[in-house]
Amino acid sequence: MTNFFLILMGFFIVISNIIGFIVYKKKKNLYFAAFTILLLAVLFGVIGGALAIFIIRDPFAIFYGMQLGQYLIANSVIVFTMAILVTVIKKYSSKMV
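In this report, the structure presented in the accompanying data block is examined. Every chain begins its residue count from 1, and numbering advances along the sequence as written. Whole-chain, interface and lining totals are the exception, using all residues; otherwise, since this is a predicted model, local features are given only for residues with pLDDT of at least 70 and side-chain atom pairs are given and counted only at 80 or more. The side-chain figures draw on all heavy atoms in the structure; neither hydrogens nor water molecules are used.

A few points about a nonpolar patch on the surface
Reasoning step 1: By definition, no residue in a patch forms a salt bridge, and every one has over 30% relative accessible area; like charges are joined within 9 Å, nonpolar side chains (Val, Leu, Ile, Met, Phe, Trp, Tyr) within 5 Å. Each accessible area value is a Shrake-Rupley result obtained with a 1.4 Å probe; residue values ignore everything except the protein chains displayed when judging cover. For this analysis, a salt bridge means a side-chain nitrogen from Lys or Arg found within 4 Å of a carboxyl oxygen belonging to Asp or Glu. Where nonpolar side chains cluster on the molecular surface, the patch consists of F4, L43, I47, L51, I53, F54, I55, I56, F60, I62, F63 and M66 and spans about 1,100 Å² of accessible area.
Reasoning step 2: Each helix corresponds to a stretch of at least 4 residues labelled H or I by DSSP, and each strand to a stretch of at least 2 residues labelled E; elements are numbered beginning at the N terminus. At the level of secondary structure, the elements contributing two or more residues to the nonpolar patch comprise α2 (30-56) and α3 (62-96).
Reasoning step 3: Among the elements that take part in the nonpolar patch, α2 stands out by supplying seven residues, more than any other.
Reasoning step 4: As for its placement among the helices and strands, I56 is situated in helix α2.
Reasoning step 5: Using a 1.4 Å probe on the protein chains alone, a residue whose accessible area is under 20% of its type maximum counts as buried, one over 50% counts as exposed, and one in between counts as partly exposed. Note on I56: relative accessible area 41%, which makes it partly exposed.

In structure tokens, the structure reads:
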């Protein structure tokens, strides 16, 4: 059962990053992509918690969804930090030229 939830967690992380990349390609805005990944963290956390409740049949399984949401929020913070770094590097590299 644990392996199933770990695979599900990895699947949700990969899917949220792919959706964030697609949003970035459409909008050309890293901040909007990071915000999309943040919103997907909440959505996938709820989906993961609901799946855990239905599979395990224990009310405390909702904490799995919270843990999944925590990892996805950390993922969105990493993407947001990368967006800030890219913005700073672009700003200072244009001043050097």
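Quick notes on helix α1 (residues 2-27)
Reasoning step 1: With 26 residues, α1 should reach 38 Å at 1.5 Å per residue; the first-to-last C-alpha distance of 37 Å fits that figure.
Reasoning step 2: Inspection of α1 places F5, L8, M9, F12, S16, G20 and V23 among the buried residues, and these make up the whole buried set.
Reasoning step 3: In this analysis, two residues are considered to be in contact whenever any of their non-hydrogen atoms come within 4.5 Å of each other. Buried residues in α1 make contact with α2 and α3.
Reasoning step 4: Note on α1: the residue one or two positions beyond its end, K28, has a positive phi of about 60°. One less than the number of residues in a helix, times 1.5 Å, gives the span that helix is expected to have.

Some details on the environment of Y31
Reasoning step 1: When you line up the elements, Y31 lands in helix α2.
Reasoning step 2: According to the relative accessible area criterion, Y31 is partly exposed, its value standing at 35%.
Reasoning step 3: Residues Y31 and A83 lie 52 residues apart in sequence; the distance between their C-alpha atoms is 6.3 Å.
Reasoning step 4: In contact with Y31, other than residues within four places in its own chain, are F80, A83, I84 and T87.

Examining the side chain of S16
Reasoning step 1: By the element assignment, S16 lies in helix α1.
Reasoning step 2: Note on S16: relative accessible area 0%, which makes it buried.
Reasoning step 3: Those residues in contact with S16 that lie beyond four places of it in its chain are I37, L40, F44, L72 and N75.

Section: unusual backbone geometry
Reasoning step 1: Look at K28: it is not a glycine, yet its phi comes out positive at around 60°.
Reasoning step 2: Topologically, K28 is positioned in the loop between α1 and α2.
Reasoning step 3: Although it is not a glycine, R57 adopts a positive phi angle of roughly 60°.
Reasoning step 4: Within the element layout of this structure, R57 appears in the loop between α2 and α3.

None of this, on its own, says anything about what the molecule does.
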